[in-house]
Amino acid sequence: SLLTAPEIFYPFGLSGDTRNAAVDDGSSSVIPLLSPFLFFGRTYRQIYVNNNGHLTFNQPSYQYVPYSFPANGGPDIIAGLWTDLDNRARGVVSYHQYTNGSVLTRATQDINNHFPNLTFSASWVFVATWDKVAYFPNTNTETSFQVVLISGSSFSFILMNYGDIAVTGLQVEAGYDTVSSTDFFVIPGSKNGNSISNLKNSSNVHVPGRWAFRVDSGRNTSNNNIIGLQMKLSSFSDLTQSGNIESVLQQIKQVLVNYHLPSNIELKLRKLQKIKP
């Protein structure tokens, strides 16, 4: 059966798209941005779309085995799905940037829906798509996802859109990391190649398959404020396991960041015993 791209995907496969060469562990050449992109306090005017599922700014990356975020020393990186992908066997890696038209209208609507406490108007959109790309060396696998960069005035955002993602025994990582890891995020469940097919059902903005992040503001880490938070949480995870705790905390953190709390906020879970009167 012919699988069409999910509705959450931005347009791709058009005549104006630039395709990456079909090279194992390859990358685009340097892409000058038509509008500067602010990423946690640093302004970039160029980007690289790397075949192995990630975007870098200062230089291309040919790394096919992901390292874990936070790296505490790596470069700024945006990983849609960083793993050993091979577009020689099948699939297309492409990109397109927009400064006008219906894609900007759509981006404006999406960001205002996902971040309702902002009033946003998109002036630039960059769409990078990995369409039905195979894993190395499993040439019969197909994996599809997108990373969309959106900016306007002093705001910038990332959308990560997931379609059909094949399971794999390879190491995988999805999210972003920054210089010295002052800001980072790992999409829950994205570190296990056996469960990444669930990415098309997961979300932090109630749109299955989509993760949305505001990424403009790098913030001073010298504040040591402790904020109390009271909330009701329904979870099917076993919170006696530290990995599950980390996953739940990451999800809570992203909700707080969406409400303007600094993304370098640290969350700790403390167990309180309920004593009946």
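It should be emphasised that the depicted structure is a prediction, and the values quoted were computed from it without experimental measurement.

Caption draft 1: Focus on the nonpolar core. Counting 39 residues, the largest nonpolar core has Phe 39, Phe 126, Trp 130 and Leu 149 as its most contacted members. With 6 residues, strand E8 (residues 124–135) is the single largest residue contributor to this core. Apart from the residues within four sequence positions on either side, Leu 149 is in contact with Phe 37, Ile 47, Leu 55, Ile 78, Trp 124, Val 125, Phe 126, Phe 157 and Ile 158. If you look at the next biggest cluster of nonpolar residues, it comprises 19 residues, including Val 103, Leu 104, Ile 111 and Ala 212.

Caption draft 2: Spotlight on helix H1 (residues 102–114). Between its terminal C-alpha atoms H1 stretches 18 Å, which fits the 18 Å expected from 13 residues at 1.5 Å a residue. Among all positions in H1, only Val 103, Leu 104, Ala 107, Thr 108, Asp 110, Ile 111 and His 114 are buried. Looking at the packing, one finds that the buried side of H1 touches strand E7 (92–98), E8, strand E9 (143–152), strand E10 (155–162) and strand E13 (210–214).

Caption draft 3: Broad picture of the side chain of Thr 108. Assignment of secondary structure puts Thr 108 in helix H1. Residues in contact with Thr 108, not counting those within four places in the same chain, are Phe 120, Ser 121 and Ala 122.

Caption draft 4: Structural view of the pattern of salt bridges. Scanning the model with the defined rule gives 10 salt bridges in all. A salt bridge links Asp 216 to Arg 214, with the nearest nitrogen and oxygen atoms 3.0 Å apart. In terms of burial, Asp 216 and Arg 214 fall into one category: buried. Taken together, the salt bridges that share partners define one network made up of Asp 24, Asp 86 and Arg 88.

Caption draft 5: View of the sheet that holds strand E3 (residues 42–50). Taken together, 6 strands build an open sheet; the order of strands is E2-E3-E4-E5-E11-E12 and the sheet is antiparallel. Each of the sheet's edge strands pairs with one partner strand only, and the pair in question is strand E2 (31–39) and strand E12 (184–186). Within the sheet, the average angular offset between the axes of one strand and its neighbour, ignoring direction, is 25°. Of the pairings in the sheet, the one linking strand E11 (residues 173–177) to E12 comprises 3 bridges and is antiparallel in character. If you follow Tyr 176 over to E12, its bridge partner there is Phe 185.

Caption draft 6: Geometry of unusual backbone geometry. Following Phe 69, the chain continues into Pro 70 via a peptide bond in cis, with omega recorded as 0°. Here Pro 70 is to be found in the loop between strand E4 (54–56) and strand E5 (77–82). Cis geometry marks the peptide bond from Phe 136 to Pro 137; its omega dihedral reads 0°. Within the secondary structure, Pro 137 sits in the loop between E8 and E9. Even without being a glycine, Phe 40 presents a positive backbone phi close to 50°. Structurally, the position occupied by Phe 40 is in the loop between E2 and E3. Overall, Phe 40 belongs to the buried group, its relative accessible area being 4%. Here the phi dihedral of His 206 falls at roughly 60°; this positive angle occurs in a residue that is not glycine. With respect to the element layout, His 206 can be found in the loop between E12 and E13. Assessed through its relative accessible area of 80%, His 206 is described here as exposed.

Basis of the calculations
- Residues numbered from 1 in each chain as written.
- Predicted model: local features only at pLDDT ≥ 70, side-chain atom pairs only at ≥ 80, totals over all residues.
- Heavy atoms only, no water.
- Core = buried A, V, L, I, M, F, W, Y, C linked by side-chain atoms within 4.5 Å.
- Buried < 20%, exposed > 50% of the residue type's maximum accessible area, 1.4 Å probe, protein only.
- Helix = DSSP H or I, 4+ residues; strand = E, 2+ residues; numbered from the N terminus.
- Contact = heavy atoms within 4.5 Å.
- Expected span 1.5 Å × (residues − 1).
- Salt bridge = Lys/Arg side-chain N within 4 Å of Asp/Glu carboxyl O.
- Pairing = 2+ DSSP bridges.
- Axes fitted to C-alpha atoms, helices over the stretch in contact; angles between N-to-C directions.

None of the figures reported here should be taken as evidence of function without further support.
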